[in-house]
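Report on the structure
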Amino acid sequence: MDQDELQLHASSFGAAAVAYAEDRPDYAQAAVRWALEPAPDPRVLDLGAGTGKLTATLLALGAEVIAVEPDPAMLTELRRSLPDVRALSGSAESIPLPDASVDAVLAGNAMHWFDMAVAGPEIARVLAPGGVLAGLWNLMDDQVEWVAGLTRISGSAAIGPRDTPAGWRAETAGMHLPRTGAAARFGSPEQAEFPHGQRRTADSLVATIATRAVS
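Residues numbered from 1 in each chain as written. Predicted model: local features only at pLDDT ≥ 70, side-chain atom pairs only at ≥ 80, totals over all residues. Heavy atoms only, no water.

**Focus on the sheet that holds strand 4 (residues 102-108)**
As a reminder, the rule being used: We treat two strands as partners when DSSP finds at least two bridges between them. Runs of E in the DSSP output that reach at least two residues are strands. Runs of H or I that reach at least four are helices, and both are numbered from the N terminus. Axis angles are defined between N-to-C directions and span 0 to 180 degrees, where every axis is a line fitted to C-alpha atoms and, for a helix, only to the segment in contact. Every residue pair with non-hydrogen atoms within 4.5 Å of one another is taken to be in contact.
Spatially, 5 strands are ordered 3-2-1-4-5 in an open sheet, and the strand pairing comes out parallel. Edge positions in the sheet fall to strand 3 (86-89) and strand 5 (127-136), since each has one partner strand and no second. Looking at each pair of strands side by side, their axes are set apart by 20° on average, direction ignored. Pairing between strand 1 (residues 43-47) and strand 2 (residues 64-69): 5 bridges, direction parallel. What sits directly across from Leu45, in strand 2, is Ile66. In the packing of helix 6 (residues 116-126) onto the sheet, the strands contacted are strand 1, strand 4 and strand 5, and the crossing angle to strand 5 comes to about 130°.

**What to know about the environment of Glu37**
Turning to its location among the elements, Glu37 is positioned in the loop between helix 3 (29-36) and strand 1. Taking the C-alpha atoms as reference, Glu37 lies 9.1 Å from Val132; in sequence the two are 95 residues apart.

**Considerations on the pattern of salt bridges**
Applied cut-off: Salt bridge, as used here: a side-chain nitrogen of Lys or Arg that lies within 4 Å of a carboxyl oxygen of Asp or Glu. Burial status follows relative accessibility: with a 1.4 Å probe on protein chains alone, a residue under 20% of its type maximum counts as buried, one over 50% as exposed, and anything between as partly exposed.
Counted under the stated rule, the structure contains 4 salt bridges. Across the pair Glu77 and Arg80 runs a salt bridge, and its minimum N-O distance is 2.6 Å. Of this pair, Glu77 and Arg80 both sit in helix 5 (residues 72-81), separated by 3 residues, roughly a single helical turn. You can call Arg80 exposed: its relative accessible area is 57%. Among the salt bridges present, the one from Glu122 reaches Arg125, with a minimum N-O distance of 2.7 Å. Residue Glu122 and its partner Arg125 are located together in helix 6, separated by 3 residues, close to a single helical turn.

**Points about the nonpolar core**
Under the convention used in this document: By nonpolar core is meant a set of buried Ala, Val, Leu, Ile, Met, Phe, Trp, Tyr and Cys residues that side-chain atoms within 4.5 Å join together.
One finds Leu45, Leu47, Val105, Phe114 and Ile123 to be the most contacted residues of the largest nonpolar core, which totals 19 residues. Residue assignment for this core shows that the elements contributing at least two residues are strand 1, strand 2, strand 4 and helix 6. If we skip the residues at most four places from it in the chain, Ile123 touches Leu47, Ile95, Val105, Met116, Leu133 and Phe186.

**Here's the deal with helix 4 (residues 53-60)**
What helix 4 keeps buried is the set Lys53, Leu54, Thr55, Thr57 and Leu58. Phi turns positive, to about 85°, at Gly62, one or two residues after helix 4.

**Considerations on the packing of aromatic side chains**
Definition in use: Between rings of Phe, Tyr and Trp, where Trp is taken as its six-membered ring, a pair exists when centres lie within 6.5 Å; planes separated by under 30 degrees are stacked, by over 60 edge-to-face, and by other angles tilted.
With the rule as written, the count across this model stands at 1 aromatic pair. Ring centres 6.0 Å apart and planes at 55° place the aromatic pair Trp34 and Phe194 in the tilted group. Remark: Phe194 occurs in the loop between helix 8 (165-172) and helix 9 (202-209) and Trp34 occurs in helix 3; sequence separation between them is 160 residues. Accessibility expressed as a relative area gives 31% for Phe194, which makes it partly exposed.

**Focus: the packing of helix 3 against helix 4**
Rules: The cut-offs work like this: below 35 degrees is roughly parallel, past 145 is roughly antiparallel, 65 to 115 is roughly perpendicular, and the gaps in between are oblique. Gly counts as polar in this scheme, as do all residues outside two lists: the nonpolar Ala, Val, Leu, Ile, Met, Phe, Trp, Tyr, Cys and Pro, and the charged Asp, Glu, Lys and Arg.
Between helix 3 and helix 4, whose axes approach to 10 Å, the crossing angle comes to 75°. In terms of orientation, helix 3 and helix 4 fall into the roughly perpendicular class. Residue-level inspection shows Gln29, Val32 and Leu36 of helix 3 in contact with helix 4, the latter providing Leu54, Thr57, Leu58 and Ala60. Along the lines of polarity and charge, the residues of the contact of helix 3 with helix 4 split into 5 nonpolar, 2 polar and no charged.

**A closer look at unusual backbone geometry**
Negative phi is the rule for most residues except glycine; trans is the rule for most peptide bonds. Here Ala100, not a glycine, exhibits a phi torsion of approximately 50°, which is positive. Phi at Asn109 takes a positive value of approximately 50°, unusual for a residue other than glycine. Residue class for Asn109 comes out buried when judged on its relative accessible area of 18%.

In structure tokens form, the structure reads like this:
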């Protein structure tokens, strides 16, 4: 996918901002604690914050949060639901913050949209020395019978290429590694999985599927 197509997909969520806020899952507190463990009492940038799903989890854990989101409709919904959060218009490729101003940069279901050739230096710029960069993804567990059945019946119409653990690993393998010969800006990556459930009805499942990016 070239950069123009990537930006088109990344910007396709705004039309469904309200549904996204209502139907997308939040983030497991255990996963966020794990991501922030190297940066106690951190100043956190939620990058590509969407409607504030990850922002809300960070606030619940007592973090000082700044949210940055490029889509105006998503940003409006974030500001409506979390009016006390500092929420700025910006992107991973152009972060509206000073150098070394945050201790951690987290991205919830967003990092695969970043152009890391540009975003990597920007993220490194705003991170304080020893800072943390973490991507979090909510995936569908295809070991669960009904999820596996939905995958078989609907294919990519309902379950996208990054929506299950095996698919996510295949789609994102190497995506954020530095190009050959390029300097590494971040330390060795670590990965962990955490259980996290969302109760669904048939209607809420359909509504969640409808918030996927335009393909």
